[in-house]
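Coordinate analysis (summary)
In case you want the letters, here they are:
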Amino acid sequence: MRKNRGFINFLFRISGILAALLFTALVLVIAKANPWEAFGNILMGAVSTPIKIADSFVAWVPLILATCGLVITFTTGLWNIGIEGQISLGAIMTTWALRLLQDSGLPPVVIILAGILAGMAGGIIWALLAGVLKFYGGVSEIFAGLGLNFIATALTLWLIFGPWKRAGVASMSGTEPFDMSIWLPTIPGYRLSVWSLALAVASVLIVYFLLQHTVIGLRLKAVGKNYKAAIQMGISPSKYMLLAFVLCGLFAGLTGAVQVLGVYHRLIPSISSGYGFLGLLVAMLVDYQIVWAVPVALLFAALNIGGIQLPIMMKIDSTLSGVMQSALVLFFMLMDGVRKKMLKKEEDLSDE
Amino acid sequence: MHIQLKNIHKYFGSVHANNDVSLTIEPGQILGLLGENGAGKSTLMKILSGLICKDNGEILINGEEQNLNSPADALRLGIGMLHQDPHDFPSMTIREDLQIWNQRSDRTRTDATDWQALMNIQEDLGFNLDLDGSVGDLTVGERQQLELARLLWLGVELLILDEPTTGISALQQEVLFSALKKLAGQGKTIIFVSHKLEEVKELCSRAVVLRKGCLIGEREAPFDENDLVKLMFGRQITRTRTAHARTRDVCMSVQNLNIEDFRIAIENVNFDLYAGEVIGLAGMEGSGQRQFLQALAGMKQPSSGHIRFGDEDLFGRNCYEYQKRGIFYVPTARMEEGLVPGMTLEEHYILSDCEKKIFIDSRKSHKTTEERIQRFNIKGRSATYSEELSGGNQQRLLLSLLQDPAQLLLLENPTRGLDIESTNWIWSILRERCQAATSIIFSSADLDELTFYADRILVFFSGRISEPLDSAGLDEERLGRMIGGKDWPK
Amino acid sequence: MSKNKFFKVLGSLMVASLLLAACGTAATEEAAAEVVEPAMEEAAPAEEAAEPAAEEAASNDFVFGVLMVGVYNNKGWDQAHYDAGLYVEDQIPGTSMIYIDKVNTSDRPGTTAAQLAEELVSKGANLIIFNSDDMKDSAVEFAVNHPDVYVIYSTGDTQWAEGANYQELANMKNIMGRMEYGKMIAGCAAALTSETGKIGFLGPLINEETRRLAASAYLGAEYCWDNYAGKDPADLTFEVNWIGFWFNIPGVTSDPSQVTDDFFNSGYDVVISGIDTTEALVEAKKFADGGQTAYAIPYDYEGACEQAPEVCLGVPYFNWGPSYKAAIQEAIDGTWTNTWEWLDPDWTDINNKDTSMIGFNKGDALSAENAAMVDEFIAELAGGLNLWTGPMNLQDGTEYLADGEVATDYQIWYLPQLLEGMIGLSSAAE
């Protein structure tokens, strides 16, 4: 019975993917473009050369880091929309630490480590703010998160155009880039850093272990699935929800730190690059299973990178990648809804 | 209305929920449909009310074959079902709720809602609903009255009631039964689904018994109770009484306790609970039992008073402090408040393990799980999800999660919706606990259960709480009157 | 339970709106896809042979790549560049343009302009145009890493030997137009038309470029108010209101529509836009429709007036085509030198598509009489009138130019503050 159900679930997921592909193809046909050519271009744009594969991984790192955090909050039943702001705060704190220390003469390793720690702290602070607003202010984490996102963006812009502006010209291009010595070292000839890749892999393992093999993980899950029952079991929902915020903030801050240290080497206005929101889609798509998030985030990253080909090769807007990503999530949820409806009919039996 | 079911089959996956069921029901009859949990009663009734489709067979209504594809189809033909969980809109007033149903039914062609007809039905059946009150504020029994009145108002000829006495007070049950008898006298057909023999005995003129999907027997009133039990379970079951375990040690002393709620205010409660004692809470649903139990578990803060436990006063502490001292609350809504849907039995046992640990020791938890499943006779495996269990097994799981030894268990309607066998079993487990000096306070709508299992009884009536009454030698009739608000000291 | 459902619905709605937004853009692409179809086939004949074919194309053609910060057909800054690319394709046979638009980190998360430039190179581009100030670091990084590829970094000053940010890169050129003249003409048209003598300037973010452009508009307005309208300079009010960015970001910048409304509501009757989008024009039309006197002057793109011609006094615009043509010709001929070019309009005809870097399209709302005076002003500028002549003080009263002193390019480019007489912030609050 159980095995059978697993197979049915699998079928539903596959049909969700097919429906999403079909839908995207339809959009392309309406836009008078050849779907095969477009899909082919996206694929080739993401995997045809080692550099492109490496670039896909460059995008994968922050995406999976953000997803790591979101899987924890989703597991605990929280919609951490504020993740974008938490990434930004992480980036701001990393930039701040680097600005303080860059001329200190400390070894670059120490400065980079300090930057990473500061970034995590920044993410945690911003996430805790959302948590505190929820539990002590009675503000839903969704609205608190949205508000904090706006504040984080405003803060970023203010810093870039104000106190941290470049000599003379305050510019959209961000703060003055840091010295190369405090960039995360990359593989020669590629933009990919082994260190950020290692951070991402380690984060996935930690989250997997936390949620699968620790009592804390199980408690977070219980709070997410039924907080009233959790109370009966002696688990304080508010305590564990705050913990989930803290953990998510930590990974969000790390995302911001990697964006600063490994990708942009400075603070830019849209430092979060939308990875937080994209991470929400990934997390929803994989039903909050971190193991599945790894390939799905890679797929999304590849779509982002491969999508660049569309305007060059076919003069199609590259938001098509976004269409595909959104369509995937939409049809997945749709299929999931249908599946649940069917299962519910079956369950009427056990109701008796 | 004349109903004929012919060779009805229904499958859920590999389970044959209804196996060749044939049944004829005459107008003006109250038919009892008996069977233990999972026998296929609800499935059959859902087919008849259009909620699910039969896989095979015929349904003839007044001699004509009908296809019932939706509850709306059924309603159009005059078939209405009163569900275990009421289908209404909690955020609306009763009037708004009714208007929605009125608009949805095809039977009324006029735009104006005929309130007078509804009031007549209410009056006729002895209901007293305030049309401008909020649906969400109604008790289970009142919601049921609302639904019943609504169905009649929409012109239903065949009424199906699925376990209607679950969760309603004795008084409400009395009102319900007299209403049903009256309706039968007016020529309505009524199907009464239950696993409670006394009710069927009191109400029905004919009874059919389902077991494992098959219709295995039919009896006319007057019924022989033992005969019906044998049909239902394939054997005879009686309640087994064990010795009471009450000691003279005070477990908890409640003094001048005041509990306030937006719905009810409970004032000045005083009593001592002895170790090993069982106290039953009697009263109509919503008379304050839930608030009282929650207050004693720290789930709800009383406004003033003392809850002395050992050398401490627990007043003002949170529920985790209570839990640390071995005081546990077991809610009646098992899936909603007690268990975690989407989690396996094993995960439940890990969570309720009080040992402080960081990593999950799967070998140990596996062993514990197997042990408890066996000891508590739960029909499920360690990888079974809690929501897949039947109601009785969910209750067993809930009880098996309780820390042992516990000092005080606060149980809200612990046997609601369970058949006799499950009820007996659960009480045998609870009794064992009492022998180990655990005290129990439980609420119930079943007077038999109260007098049978409780050492003392507290009667609740709209926030008032009686002195503890010794259950031994307690006059059930007096208890019934007190629940109904009579015989209270000034 | 119902909460769960609510979130599910909310989630689906979010996704659906994302989808719709994406579809919306895809749909607008439709027209574009049609227009460029032939070019597309040239660039990508078959899907599996895409890359070699592109390289082959490179051996025959001179391919130039354009990185645009916004959408290529946005009737603003980016379209001006896109149109210039088409102009070059048309003017120099054998050249072809490939481009990536929306080169910014919000639209293309995880990418940098340098990375996208490399993408264009892999498709055969021999020369890359970076069209935005935001791409400064990427342009420099790319030029350093790819000494064999020509780079035009528009608006920048990195190849200005006398400039403050000089960094010698043999393969890089900076091109910028002297929009100061365009803004002076805009200021003149505004001053001539204004009845109340109150002119608003809708500024983007505050930096050297935007300060000098706002100041130029003020200088033009003051000159024409005084010399053509013959009014008292004391009666002229010129206020700059910065929204904080080149376009509206809800919740972050001030709303440009709101800022424009505030101008019109407090007695200002002409608003000069310094931002990339056309809110000033749209709002002016709203007020004009309501019976109030309201005019606006948009920016960047020669066709910007089309949105509301009846309230548009004209638009100062960039014409990048000739300068890009010259630079690309240099690259083809092998005569490329790294230069910083700050180009004048062609004073014989500022609207000459083939010669003039800066133009001014007069709008329908400019009266014939005032149009004549604007022409006269342009003629004066062509004749050598320099409004950047002292005495002139900065906003805080310190001397900027002594009496008779003419500002150097350096002084104008790096203008440290607004000028005395202008109302508004000189730098972002810190």
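Please read all numbers here as calculations on a predicted model, not as lab measurements.

1. Focus on the domain arrangement of chain C
All names here are of chain C.
- Here chain C is partitioned into domain 1 (49-177 + 320-356) and domain 2 (180-318 + 358-423).
- Placing a centre on the C-alpha atoms of domain 1 and another on those of domain 2 gives a separation of 29 Å.
- On the side of domain 2, 19 residues touch domain 1, which itself brings 16 residues to the contact.
- The element best represented in the side of domain 1 that touches domain 2 is helix H4 (residues 77-91), accounting for three residues.
- Its residues placed into classes, the side of domain 1 that touches domain 2 shows eight nonpolar, five polar and three charged.

2. Observations concerning the sheet that holds strand E11 (residues 340-343) of chain C
Residue and element names in this part refer to chain C.
- Read across the open sheet, the six strands follow the order E2-E1-E3-E4-E5-E11; overall the sheet is parallel. Across the chains shown, the open sheet's two edge strands, defined by having one partner strand only, are strand E2 (95-100) and E11. Direction aside, neighbouring strands of the sheet carry axes that sit 20° apart on average.
- Where strand E4 (residues 150-154) and strand E5 (residues 172-177) come together, four bridges link them in parallel fashion. Bridging across to E5, Ile-152 finds its partner in Lys-173.

3. Looking at the interface of chain A and chain B
- Across the boundary between the two partners, chain A contributes 24 residues, which contact 34 residues of chain B.
- Elements supplying a minimum of two residues to the side of chain A that touches chain B: helix H8 (215-225), helix H9 (227-232) and helix H14 (319-351) of chain A.
- Classifying every residue of the side of chain A that touches chain B by side-chain character gives nine nonpolar, seven polar and eight charged.

4. Points about the sheet that holds strand E11 (residues 250-260) of chain B
Residue and element names in this part refer to chain B.
- Strand order across the open sheet formed by four strands is E12-E11-E14-E15, with antiparallel pairing between neighbours. One side of each edge strand has no neighbouring strand; the edge strands of this open sheet are strand E12 (265-274) and strand E15 (312-313).
- In the sheet, E11 pairs with E12 via seven bridges, with the strands oriented antiparallel. Each residue of the ladder has a partner; that of Glu-260, found in E12, is Ala-265.

5. Side note on helix H2 (residues 35-47) of chain A
All names here are of chain A.
- Taking 1.5 Å of rise per residue, the 13 residues of H2 would be expected to cover 18 Å, and the 18 Å separating its terminal C-alpha atoms lies within 8% of that figure.
- Here H2 has its buried residues at Glu-37, Ala-38, Asn-41, Ile-42, Gly-45 and Ala-46. Taken around the axis of H2, the buried residues stretch over an arc of 160°, which confines them to a single face.

Calculation criteria
Residues numbered from 1 in each chain as written. Chains lettered and ligands numbered in written order. Predicted model: local features only at pLDDT ≥ 70, side-chain atom pairs only at ≥ 80, totals over all residues. Domains from an automatic or database assignment. Contact = placed C-beta atoms within 7 Å. Helix = DSSP H or I, 4+ residues; strand = E, 2+ residues; numbered from the N terminus. Nonpolar A, V, L, I, M, F, W, Y, C, P; charged D, E, K, R; others polar. Pairing = 2+ DSSP bridges. Axes fitted to C-alpha atoms, helices over the stretch in contact; angles between N-to-C directions. Expected span 1.5 Å × (residues − 1). Buried ≥ 20, exposed ≤ 12 C-beta atoms within 10 Å, placed from the backbone. Arc of directions from axis to C-beta.

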